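Architecture at a glance
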Amino acid sequence: MERTDALKAIMEKILEYDKIVISRHIRPDGDAAGSSGGLCGLLRASFPDKTVIVCNSDRSRKMGFLSVPETSPGELPEGWFGDALAIVTDTATSDRISNPRISEAGFIIKIDHHIDTERYGDINWIEDGRASCSEMIAIFASAFPDRLKLTPEAAACLYTGIVTDTGRFRHRGVDAETFGAAAFLLGSGIDTEKIYAELYLDDISFLKYKSAVYDSIELTPNGVAYVFIPLSMRDRFGLDAESASLAVSFLESIRGSLIWIAFIENGSDDPAGAGTVRVRLRSRFLDIDAVAAKYGGGGHARAAGATLRDREEITDVLADADRLLGEFKSSNADLI
Ligand SMILES: [Mn+2]
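Residues numbered from 1 in each chain as written. Predicted model: local features only at pLDDT ≥ 70, side-chain atom pairs only at ≥ 80, totals over all residues. Heavy atoms only, no water.

Quick word on the overall build of the chain
- A count of helical and extended segments in the chain gives 12 helices and 12 strands.
- If one aligns the C-alpha atoms of the chain with their principal axes, the spans along those axes are about 60 × 45 × 40 Å.
- For the chain, the proportion of its 336 residues judged to be buried stands at 53%.
- Considering only contacts within the chain whose residues lie at least 6 apart along the sequence, 64% involve residues at least 24 apart. (Helix = DSSP H or I, 4+ residues; strand = E, 2+ residues; numbered from the N terminus. Buried < 20%, exposed > 50% of the residue type's maximum accessible area, 1.4 Å probe, protein only. Contact = heavy atoms within 4.5 Å.)

Okay, structure coming up:
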């Protein structure tokens, strides 16, 4: 769907419904929490007579500072969703929506910037060229200046989503439009110093975890950097799965390692079950989403993920990534 048509169609549906329920993907990152929370704040301020809620089955501790209270699906009575408009942000596939009751909704809108794999919405506004979904919500907000009222709180949510999904405006996909969206959000009066303090200050125990991860980095023959984070390591540093999985970002700046991967062992608290392994793949200059897809995962061209059945599969993933990097390096010696 073209952007102008999508924006118009989405606005029409928002105007039509009195009840709007917003969801995002499971294991929320800054963009998932920011885009859903920001959209909620935007719609609440713009349409005070409507009921607008964010409804998800899991929570992000790290993004708690965004202060958007969320409802759990189980809290809503039978039939509640029937006459509601559901808007799902930042979620490529329906199985990743953090609200198992979303299909009960009368109408579903998908707003997402992941690769277009599943059009589970009745309206699907998908732009995989956008660096974050929060940027898309900011674009939506700025498209209807007479109708939509952006509060500083909602703008802070969206700005956080942009900053985190772009690695502070560094990742591929950041373009003039990204900065345009950021400028629009900053115009509403955001305290960026506070946001950056929330996002980038670590507890000393997390620095110790970083140090342990650095110590355990390994390289494949062609230079794929990787770490395995067993449950025991998570426990040792008192980390939840979300914080532990940030380990992938510790590997991002190794010269010659154009692909880097974190394998995080899942505990019994994970939906995939104890003993399964979460894989987070990242790359520069080449795409790695095909590797994730081979193991039933997906994501972006250069930031993807999957879940492995067990530790044994780690060897296979590493072999695939190593082969891919070897082939790429043989014809791109100038890229580091
Ligand atoms: Mn995102």
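Re the pairing of strand β5 (residues 107-112)
- In terms of burial, β5 is a largely internal element, six of the six residues being buried.
- Direction of pairing for β5 relative to strand β6 (residues 123-126): parallel, over a ladder of four bridges. Of the residues in β6, the one forming a bridge with Ile109 is Ile123. (Pairing = 2+ DSSP bridges.)

A closer look at the domain arrangement of the chain
- Per the domain assignment, the segments making up the chain are domain 1 (3-199) and domain 2 (204-331).
- Look at where the C-alpha atoms of domain 1 and domain 2 centre, and you get two points 27 Å apart.
- Taken together, the contact between domain 1 and domain 2 spans 10 residues of the former and 14 residues of the latter.
- Across the domain 1 to domain 2 interface the summed buried area is about 970 Å²; carbon plus sulfur atoms make up 39%.
- If you sort the residues of domain 1 by the area they bury against domain 2, Arg27, Ile115 and Arg172 come out on top, with a joint share of 52%. (Domains from an automatic or database assignment. Buried area = accessible area lost by both parts, 1.4 Å probe.)

Description of the packing of aromatic side chains
- One pass over the full model with this rule turns up 12 aromatic pairs.
- Aromatic pair Tyr159 and Tyr196: ring centres 6.4 Å apart, planes at 70°, arrangement edge-to-face. Taken together, the positions of Tyr159 in helix α4 (residues 152-165) and Tyr196 in helix α6 (residues 192-200) put the pair 37 residues apart, joining distant regions of the chain.
- We classify Tyr196 as partly exposed; its relative accessible area is 27%.
- Each ring, one from Tyr209 and one from Phe250, has its centre 6.0 Å from the other, and the planes form 70°; the classification is edge-to-face. Taken as a pair, Tyr209 in helix α7 (residues 204-215) and Phe250 in helix α10 (residues 247-250) lie far apart in primary sequence, 41 residues in all.
- Taken together, Tyr159, Phe169, Phe179, Tyr196 and Tyr200 form an aromatic cluster joined through their ring pairs.
- Here Lys13 stacks its cationic end above the ring of Phe107, 4.3 Å away from the centre of that ring. (Phe/Tyr/Trp six-rings, centres within 6.5 Å; stacked < 30°, edge-to-face > 60°. Lys NZ or Arg CZ within 6 Å of the ring centre and 35° of its normal.)

Some points on the side chain of His113
- Along the polypeptide, His113 turns up in the loop between β5 and β6.
- Among the polar contacts listed, one links the side chain of His113 to the side chain of Asp90, at a separation of 3.0 Å.
- Polar side-chain contacts of His113 include one of 3.0 Å to the backbone oxygen of Arg130.
- In this structure, His113 is in contact with Asp31, Asp90, Glu127, Asp128, Arg130, Ala131, Ser132, Cys133, Met136, Asp165 and His300, ignoring residues within four places of it in sequence. (Polar contact = N/O pair within 3.5 Å; in protein donor to acceptor, adjacent residues only side chain to side chain.)

Here we look at the sheet that holds strand β12 (residues 303-308)
- Reading across the sheet, the six strands line up as β7-β8-β9-β10-β12-β11 and stay open at both edges, with mixed pairing between neighbours. For this open sheet the edge positions go to β7 (218-219) and β11 (298-299), each flanked by a neighbour on one side alone.
- In the packing of helix α12 (residues 313-331) onto the sheet, the strands contacted are β8 (225-229), β9 (259-265), β10 (277-283) and β12, and the crossing angle to β9 comes to about 170°. (Axes fitted to C-alpha atoms, helices over the stretch in contact; angles between N-to-C directions.)

Overview of the coordination of the manganese ion
- For the manganese ion, the protein coordination sphere consists of Asp31 (OD), Asp90 (OD), His113 (NE2) and Asp165 (OD), at 2.2 to 2.3 Å.
- Within one chain, the residues serving as donors to the manganese ion are arranged as D-x58-D-x22-H-x51-D. Taken as a pair, Asp31 in helix α2 (residues 30-46) and His113 in the loop between β5 and β6 lie far apart in primary sequence, 82 residues in all.
- Asp31 gets classed as buried once you look at its relative accessible area, which sits at 0%.
- Taking the relative accessible area as the measure of exposure, His113 reaches 2% and is therefore buried. (Donors = N, O, S within 2.8 Å, 3.2 Å for Na, K, Ca; no water.)

Structural notes on the pairing of β12
- Of the two faces of β12, only one is covered, namely that formed by Ala304, Ala306 and Leu308; the face formed by Ala303, Gly305 and Thr307 stays uncovered.
- Two elements, β10 and β12, share six bridges in a ladder whose sense is antiparallel. Bridge pairing links Val279 to Ala306 in β12.
- Relative to β12, β11 runs antiparallel, the two sharing two bridges. Bridging from a neighbouring strand, Gly299 pairs with Ala304 of β12.
- The hairpin formed by β11 and β12 contains three residues between the paired strands.

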